[in-house]
Structures are given as C-alpha cells and as structure tokens.
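Chain residues, written in single-letter form:
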Protein chains: 2
Amino acid sequence: MQLLKDMIQAKGRVLGDDILKVDSFLNQQVDTQLMLEIGKEFHHFFGQDEVTKILTVESSGIAPALATAMQFSVPMVFARKHQSVTTSDDNYSATVYSFTKKKDNQIFIDKHFLSTNDKVLIIDDFLANGQAVNGLMEICKQAKADVVGVGVVIEKRFQKGHRYLVNNNVRLKVLASISSLSNEKITFAE
Amino acid sequence: MQLLKDMIQAKGRVLGDDILKVDSFLNQQVDTQLMLEIGKEFHHFFGQDEVTKILTVESSGIAPALATAMQFSVPMVFARKHQSVTTSDDNYSATVYSFTKKKDNQIFIDKHFLSTNDKVLIIDDFLANGQAVNGLMEICKQAKADVVGVGVVIEKRFQKGHRYLVNNNVRLKVLASISSLSNEKITFAE
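Quick look at the structure, then. No experiment lies behind these values; they were computed from the predicted model shown.

Quick word on the overall build of chain A
For step 1, the next point in the chain: In terms of helices and strands, chain A carries 6 helices and 11 strands.
For step 2, the next point in the chain: In terms of overall size, chain A behaves like a compact globule, its C-alpha atoms giving a radius of gyration of 16 Å where 190 residues would be expected to give roughly 16 Å.
For step 3, the next point in the chain: The principal-axis extent of the C-alpha atoms belonging to chain A is close to 45 × 35 × 35 Å.
For step 4, the next point in the chain: Within chain A, the proportion of its 190 residues that are buried is 58%.
For step 5, the next point in the chain: Of the contacts made within chain A by residues no fewer than 6 positions apart, 62% connect residues no fewer than 24 positions apart.
For step 6, the next point in the chain: Accessible area for chain A stands at about 8,300 Å²; split by element, carbon and sulfur atoms hold 43% of it.
For step 7, the next point in the chain: Separation between the mean location of the 22 positive side-chain charges and that of the 22 negative ones in chain A comes to 3 Å.

Laid out in structure tokens, this is it:
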C-alpha cells in the first residue's frame, strides 16, 4: 500500500534494530485519510468472506479495526488488557506476552460478543512476534468462531509472527512489510 | 440523538445506581453505523469551528473520536494511560482520578501532537465526574492549544461533570443525557 509506505518512510522513526515508531500517524496521532484507505484495502482483500465481526485488541488496534469494520458494515470488537468494575466476569481470555513490556498480559473479551456463528477478521496495527494475533485466535477458538484471516497494517517480517501465521495456514494480508530496521534504515520486503 | 437513546434503552444494562453498561455497542463491541451517526452529529454541531484535531483518551474514546475525526477530515489524537518502550519522554501529562478503579492515573500525550495552533475538539464516550475531560483540557492548556468544545456520547447528568463544564463556559454537546439510573431504570434528561 503505497500511501502507507510513503508515510512510514517520511514519518517513521527507527529506535534500535527492531522498534519502528509510527505514532505520528498510526499509534497516537491517527491519520483519518490513511485509516479510510486501510479499511478499503482490507475490505478489498477479505470482502468476499462473509465477515461478521472485526476483532482487535486495545488500544492501537482500535482505529484501523474500526475503519475496516465501517467498510464491512459489521461490528468491531476489541479485547481489553485490563478489567474494571464494568467488565463482565464471563470472559474468554488468553495470555499474551509483551516483548516491549517484557511481561505476560491477559486479554479479555466478554463471551456475549463472539459465537460459533461468527466469521472473524482479526485486524492489528503491528505484527512482530505474533503474540497479540495468537491470543485473539486462541479466543476465537474458545468461542468456536471461524477466523477468516488476519489483516495487519505493518509487519516486521524479520520477527517470528509472519512465518508462524503462514506455517499455520492463516490467510494473512499485510499492508506494509518491513524486512529490516538495521542501521536506522527502513527497508521494505519485496 | 434518537438512534443512540434507542440502543441505550434496548441494550444498556444498569449496575447499581450509577453504572450504565453499554459494552454491546459502544465500549467493547462497537456498532459501526452508530459510530458513523455519532461522527455526523458532532460534525453538525462543531463543523463551523475550524477544528484541527480531535482529542480523546484510550481506549473507549477512540472509536467515537475516530468516527468524528473522519467527518472533520482532521487527525485524531488519543492520550495514553500507560507508558511503554516506544512512548516518548517528551509528553504533556495530567492526573485523572478514576472513580471506577478508585485511583489516580496519569495520562500522556507526546508534545509533537498538540501545539498553540491547534483548535481542539475533545470527544469521549462517557461524561460522569468529568475527570478524563478535565485532564484532556489541562493537557491542551499546557500545549497552549485552544479547546473549541467537548462532545460526549453519553452523560450521567446526575454526576458532577456536566455542571463543572457548563460553569466553566465550555461548549458541551451531549448525544444522550441520563438523569437517573435509580431502581435499574434508565431515565433520560429532557
């Protein structure tokens, strides 16, 4: 997706060998035109799959997931990382290891919002080691919901997530694939 | 906003005298048609104000804020409640007391994403005691950004937020105003 790649080159910042900071258009400040185009791209790819729900995890996944859900005219559901007074006790949950925070987190989805009748498209902003996507797939398995595929805005191809999903026959659509962040240079995969 | 009030009556659940659970269409599962209409309503009200940024706080604010930003064709910025490896050190921050979690939280926004040239519309899913909105206004003050107004999807009129904002001459647009949740009954304000 050329608009996205252009923004990554123009505004992305490399921290170390494996962190790409894109919070000026994706992660904290969110470019609305970009979100619209992201939604259209995922709809173009998965539009024939009778998707009933778009699933993501808070917080950075919500914007691209909502923009995608708008194109499909289906609900967007996001897993929570924290429970509060208003959170249901009746949840599906999975453990997600965060490499940036270096700890295990639980993610939760109220059991009312996923069922065996759902055809789920998982959307996330980043695919690195695949922990978040894996947790969401685990939750779909608990709900006996069908996972149609996974759409990722940016993948770091040199980390484990891509290969893991492909090896498990998950249909994966990536909008920008990065093969290297070495020497503070952003290199896209072909 | 009739569509919203109808959804609240049909799908909202009252917990105790002051908690309204709307996670089947607003807070965890998000209705995309509703988000579209919410964005249009806020644009209808604030559309003449030369808004340059929509500001909210993660996570539940992101969906209505993005839908609104799409109508204005301006960026959406969300304050974070947690810092991570990729978070900047150069932040505006404010303290927000959470009544549901019964503790003080810090919220953060990277200084790059708000400036003295911005005309900010603050959007949030709920207005109760006004803590989150107040924290966002404090951050705008630090950035010397102009707050055009505050748009709230649902307010609990019987709590302190509404009066506080009106007393401080903040332009407030509320899409559904609830005057009471007593006896497990949802009563809208006139």
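Observations concerning the pairing of strand β5 (residues 76-79) of chain A
For step 1, the next point in the chain: Going residue by residue along β5 of chain A, you find Met-76 and Phe-78 of chain A tucked away on one face and Val-77 and Ala-79 of chain A tucked away on the opposite face as well.
For step 2, the next point in the chain: Regarding topology, helix α4 (residues 62-72) of chain A serves as the crossover connection from strand β4 (residues 53-57) of chain A to the parallel β5 of chain A, and that connection is right-handed.
For step 3, the next point in the chain: Two strands pair when backbone bridges link them, and β5 of chain A and strand β3 (residues 29-30) of chain B are joined in this way by 2 bridges, in the antiparallel orientation. Residue pairing in the sheet places Met-76 of chain A in a bridge with Val-30 of chain B of β3 of chain B.

Some words on the relation of the copies chain B and chain A
For step 1, the next point in the chain: Superposing chain B onto chain A takes a rotation of 180° combined with a translation of 0.0 Å along the rotation axis, leaving an RMSD of 0.0 Å. Given the turn and translation reported, the copies of this chain are related as if by a two-fold rotation axis. Ranked by how close their C-alpha atoms come to the rotation axis, the residues of chain B are headed by Ser-59 of chain B, at 2.8 Å.
For step 2, the next point in the chain: Comparing interface residues between copies, 100% of those in chain B also lie at the interface in chain A; the contact surface is shared.

A word on the interface of chain B and chain A
For step 1, the next point in the chain: On the chain A side, the residues contacting the 42 residues of chain B number 42 residues.
For step 2, the next point in the chain: The contact between chain B and chain A buries some 3,500 Å² in all, and 62% of this surface belongs to carbon and sulfur atoms.
For step 3, the next point in the chain: If you look at where chain B meets chain A, you find 0 salt bridges.
For step 4, the next point in the chain: Connecting chain B to chain A are 20 residue pairs in polar contact (both at pLDDT 80 or more).
For step 5, the next point in the chain: If one sorts the elements of the side of chain B that touches chain A by residue count, helix α4 (residues 62-72) of chain B sits on top with 6 residues.
For step 6, the next point in the chain: Of the residues in the side of chain B that touches chain A, the class split is 20 nonpolar, 15 polar and 7 charged.

Some thoughts on the packing of helix α3 (residues 32-46) of chain A against α4 of chain B
For step 1, the next point in the chain: Across the interface, α3 of chain A lies against α4 of chain B with an axial gap of 9 Å and an inter-helix angle of 105°. With respect to α4 of chain B, the element α3 of chain A is oriented roughly perpendicular. Taking contact as the criterion, the partners of Thr-32, Met-35 and Leu-36 of chain A in α3 of chain A are, on α4 of chain B, Leu-66, Ala-69 and Met-70 of chain B.
For step 2, the next point in the chain: The residue makeup of the contact of α3 of chain A with α4 of chain B, split by class, is 5 nonpolar, 1 polar and no charged.

Conventions adopted
Residues numbered from 1 in each chain as written. Chains lettered and ligands numbered in written order. Predicted model: local features only at pLDDT ≥ 70, side-chain atom pairs only at ≥ 80, totals over all residues. Heavy atoms only, no water. Helix = DSSP H or I, 4+ residues; strand = E, 2+ residues; numbered from the N terminus. Rg over C-alpha atoms; globule rule 2.2 N^0.38 Å. Buried < 20%, exposed > 50% of the residue type's maximum accessible area, 1.4 Å probe, protein only. Contact = heavy atoms within 4.5 Å. Areas by Shrake-Rupley, 256 points an atom, 1.4 Å probe, with all protein chains shown as cover. Lys, Arg positive; Asp, Glu negative; His and termini not counted. Charge placed at Lys NZ, Arg CZ, Asp CG, Glu CD. Right-handed = clockwise from strand over helix to strand, strands pointing away. Pairing = 2+ DSSP bridges. Least-squares fit on C-alpha atoms with pLDDT ≥ 70 in both. Buried area = accessible area lost by both parts, 1.4 Å probe. Salt bridge = Lys/Arg side-chain N within 4 Å of Asp/Glu carboxyl O. Polar contact = N/O pair within 3.5 Å; in protein donor to acceptor, adjacent residues only side chain to side chain. Nonpolar A, V, L, I, M, F, W, Y, C, P; charged D, E, K, R; others polar. Axes fitted to C-alpha atoms, helices over the stretch in contact; angles between N-to-C directions. Parallel < 35°, antiparallel > 145°, perpendicular 65-115°, else oblique.

Limitation: the analysis is restricted to geometry and does not speak to function.
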